[in-house]
Amino acid sequence: MIRFEKVTKRYADGTTAVDDLSFEVAEGELVTLVGPSGCGKTTTMKMVNRLVEPTEGRILLGGEDVSAVDPVRLRRTIGYVIQQVGLFPHRTVLDNTATVPALLGWKKARARERAAELLDLVGLDPAVFGHRYPEQLSGGQRQRVGVARALAADPPVLLMDEPFGAVDPVVRERLQSEFLHLQATVRKTVLLVTHDLEEAVRLGDRIAVYGQGRIEQFDTPARVLGAPATPYVADFVGADRGLKRLAVTPVTEADLETAPRAGDAATETAPRAGGSGGSAEAAADAATSPADPSPALPLGASLKDALALLLQHDAGRIAVHAPGDPDRVLGSLTTDGVHRALRRARPELSSR
Ligand code: ADP
Ligand code: MG
């Protein structure tokens, strides 16, 4: 859906903000760009809606080179959420939310109806908040209006630059989980910039870890945390408290997939016995062979231990058994399960 092809941006003063960047974001995928200040995240994002023009390379949006699209038209089809929100102070919350539909020439009544719908979606009762002005809202409420406004014209693509950066940690955590729920419904293609690894891990389907103007690793949260591709990424991951969350979050039953029964595993692997023998089959063999104990953990073990085991065995899944009873397997845990667990709201842990 969004494709960067060998994109470089050098500003007029000679600063190379982005250096030969190539990556792709699939439709409906949420990719977080994470890295220290000044590494080129905002520049990357602004090249998508042409607030910044690349020096070299090209960016495709749904297969179309954005440099061929009129920038004003382009921006009306891309939702944009920034930390400072940028609400119009003299317009009501409802009218702020209806900005893009109004620009697109929707009838006023329809634009307002849509705005009310979106306010509702982000948890602001339009009857209560619609007629207020931005200064009559809390920081968290303003951020919600920013998200509602970006979604109002139902753009397929959403760019979010530190969208939850300006609010306190408790509100931030709540906005993050609300946004995840919202994204599960609207399924936009999202590029989200943050300097906070924990946020990147929690929100991203995949994460691009930035070094200076370059992506050091582009991978799932589980792999970035568990198998950093470079010493730089290892440092970045190690320095953040994101890993602490892993260490203090237990594996629960909700994170598990039902364990395949012994009979199922046999019928699944037997017909493929003469096949190519990929790692999945090898793993299935390991799981059914009594001679080679399969990786397993008790329920309640930390996600950090679970992730370490998953990556170490490269098995795709590990068995989770009842505490103190290794023979009673409750289900299996995959990296997806670890990711889902990370996404569970655990506000009581984040303050530790
Ligand atoms: P990030 O969003 O990761 O903090 P930016 O993309 O804003 O990083 O900036 C990347 C680099 O480009 C930084 O060194 C920054 O100083 C520089 N930069 C950003 N905007 C401009 C500009 N308009 N002119 C010159 N240099 C810029
Ligand atoms: Mg920035």
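Cut-offs used in this document
Sequence order as written defines residue numbering, which begins from 1 separately in each chain. Working convention: letters from A go to chains and numbers from 1 go to ligands, in the order in which they are written. It should be noted that, the model being predicted, local features are given only for residues of pLDDT at least 70 and side-chain atom pairs only at 80 or more, the latter also being counted only at that level, while totals for whole chains, interfaces and linings use all residues. Where side-chain values are given, they derive from all heavy atoms of the structure, hydrogens and water being excluded. We call a residue near a molecule or strand when any one of its heavy atoms sits within 4 Å of it. Polar contact is defined as a pair of N or O atoms within 3.5 Å, subject to the rule that within protein one atom must be able to donate a hydrogen and the other to accept it, and that residues adjacent in sequence are counted only when both atoms are side-chain atoms. Here the accessible surface of atoms and residues is derived via Shrake-Rupley with a 1.4 Å probe, and residues count as covered only by protein chains that are part of the display. Put simply, DSSP H or I for four residues or longer makes a helix, DSSP E for two residues or longer makes a strand, and each gets a number counted from the N terminus. When residues are grouped by polarity, Ala, Val, Leu, Ile, Met, Phe, Trp, Tyr, Cys and Pro land in nonpolar, Asp, Glu, Lys and Arg in charged, and all others, Gly among them, in polar. Here, a salt bridge means any side-chain nitrogen of Lys or Arg that lies within 4 Å of a carboxyl oxygen of Asp or Glu. The classification of residues rests on relative accessible area computed with a 1.4 Å probe and restricted to protein chains. Under 20% of the type maximum is buried, over 50% is exposed, and intermediate values are partly exposed. Any two residues whose heavy atoms approach within 4.5 Å at even a single point are treated as in contact. Should DSSP find at least two bridges between two strands, the strands are regarded as paired. For helices, the fitted axis covers only the stretch in contact; all axes are lines through C-alpha atoms, and the angles between them, taken along N-to-C directions, range from 0 to 180 degrees. By convention, a stacked pair of Phe, Tyr or Trp rings (six-membered ring in the case of Trp) has centres within 6.5 Å and planes under 30 degrees apart, an edge-to-face pair has planes over 60 apart, and any other such pair is tilted. Only Lys NZ and Arg CZ are tested; either one counts as a charge over a ring when it is within 6 Å of the ring centre and within 35 degrees of the ring normal. Each angle gets one of four labels, with under 35 degrees taken as roughly parallel, over 145 as roughly antiparallel, 65 to 115 as roughly perpendicular, and the rest as oblique. Two helices that cross are described as forming a left-handed crossing if the nearer one is turned anticlockwise from the farther one by less than a right angle, and a right-handed crossing if clockwise. Any helix carries an expected span of 1.5 Å times its number of residues minus one. This arc is taken over the directions from the axis of the helix to the C-beta atoms.

Some points on the site of ligand 1
By nearness alone, every residue bordering ligand 1 is listed as Tyr11, Asp13, Thr15, Ala17, Pro36, Ser37, Gly38, Cys39, Gly40, Lys41, Thr42 and Thr43. In the environment of ligand 1, an oxygen atom lies 3.0 Å from a nitrogen or oxygen atom belonging to the backbone of Gly40. Measuring from an oxygen atom of ligand 1, one finds a side-chain N or O atom of Thr43 at 2.6 Å. Contact with the protein chains covers 61% of the free accessible surface of ligand 1, which is 560 Å². For the shell around ligand 1, the element with the most residues is helix H1 (residues 41–48), which contributes three residues. Along the lines of polarity and charge, the residues of the shell around ligand 1 split into four nonpolar, six polar and two charged.

Remarks on the pattern of salt bridges
In the structure shown here, the tally under the stated rule is 17 salt bridges. Across the pair Glu117 and Arg114 runs a salt bridge, and its minimum N-O distance is 3.0 Å. Of this pair, Glu117 and Arg114 both sit in helix H5 (residues 108–121), separated by three residues, roughly a single helical turn. Look at Arg114 and you get buried, because its relative accessible area is 19%. Asp219 is paired through a salt bridge with Arg223; the nearest N and O atoms lie 4.0 Å apart. Overlapping salt bridges bring together Arg3, Glu5, Glu24 and Arg58 as one network.

Let's talk about the environment of Leu256
Locating Leu256 in the fold gives a position in the loop between helix H12 (242–248) and helix H13 (262–269). Taking the relative accessible area as the measure of exposure, Leu256 reaches 12% and is therefore buried. Ignoring sequence-local partners within four residues, the contact set of Leu256 consists of Val251, Leu299, Val320, Leu330, Gly331, Ser332 and Leu333.

Overview of H1
Burial within H1 is extensive, with six of its eight residues counted as buried. A positive phi of about 60 degrees marks Arg50, the residue just after H1.

Brief notes about the sheet that holds strand E5 (residues 64–65)
Read from one edge to the other, the open sheet built from four strands follows the order E2-E1-E4-E5, with strand pairing classed as antiparallel. Because the sheet does not close on itself, it has two edges, and the strands there are strand E2 (16–25) and E5. For strand E1 (residues 2–10) and E2, the ladder comprises six bridges, and the chain directions are antiparallel. Within E2, the residue paired with Phe4 across the bridge is Phe23. Taken strand by strand, H1 contacts E1, E2 and strand E4 (56–61), and its axis lies near 120 degrees from that of E1.

Things to note about the packing of aromatic side chains
For the coordinates displayed, the defined rule picks out three aromatic pairs. Ring plane angle 15 degrees and centroid distance 4.6 Å describe the contact between Phe4 and Phe23, whose orientation is recorded as stacked. One end of the pair, Phe4, is in strand E1; the other, Phe23, is in strand E2, with 19 residues separating them in the sequence. Residue classification places Phe4 among the buried residues on the basis of a relative accessible area of 2%. Taken together, Phe4, Phe23 and Phe218 form an aromatic cluster joined through their ring pairs. Sitting above the plane of the Phe88 ring, Arg91 keeps its charged end 4.4 Å from the centroid.

Quick look at the packing of helix H15 (residues 303–313) against helix H16 (residues 335–343)
Two numbers describe how H15 lies on H16: the axes approach to 10 Å, and their chain directions differ by 160 degrees. Of the possible angle classes, the one that applies to H15 and H16 is roughly antiparallel. The two elements H15 and H16 meet at a crossing, and its hand is left-handed. Here Leu303, Leu307 and Leu310 of H15 come into contact with H16, specifically with Thr335, Val338, Ala341 and Leu342. Its residues assigned to classes, the contact of H15 with H16 comprises six nonpolar, one polar and no charged.

What to know about H5
With 14 residues, H5 extends 20 Å from end C-alpha to end C-alpha; this agrees with the ideal 20 Å at 1.5 Å per step. Three or more residues of H5 are buried, namely Ala111, Arg114, Ala115, Leu118 and Leu119. Down the axis of H5, the buried set is contained in an arc of 140 degrees. They therefore lie on one face. In H5, those exposed residues whose orientation departs by more than 90 degrees from the buried face are Ala109, Glu113 and Asp120.

As for the side chain of Ser332
Mapped onto the fold, Ser332 is located in strand E13 (residues 325–334). The class for Ser332 is buried, based on a relative accessible area of 4%. In terms of polar contacts, Ser332 uses its side chain to reach the side chain of Arg317, at 2.6 Å.

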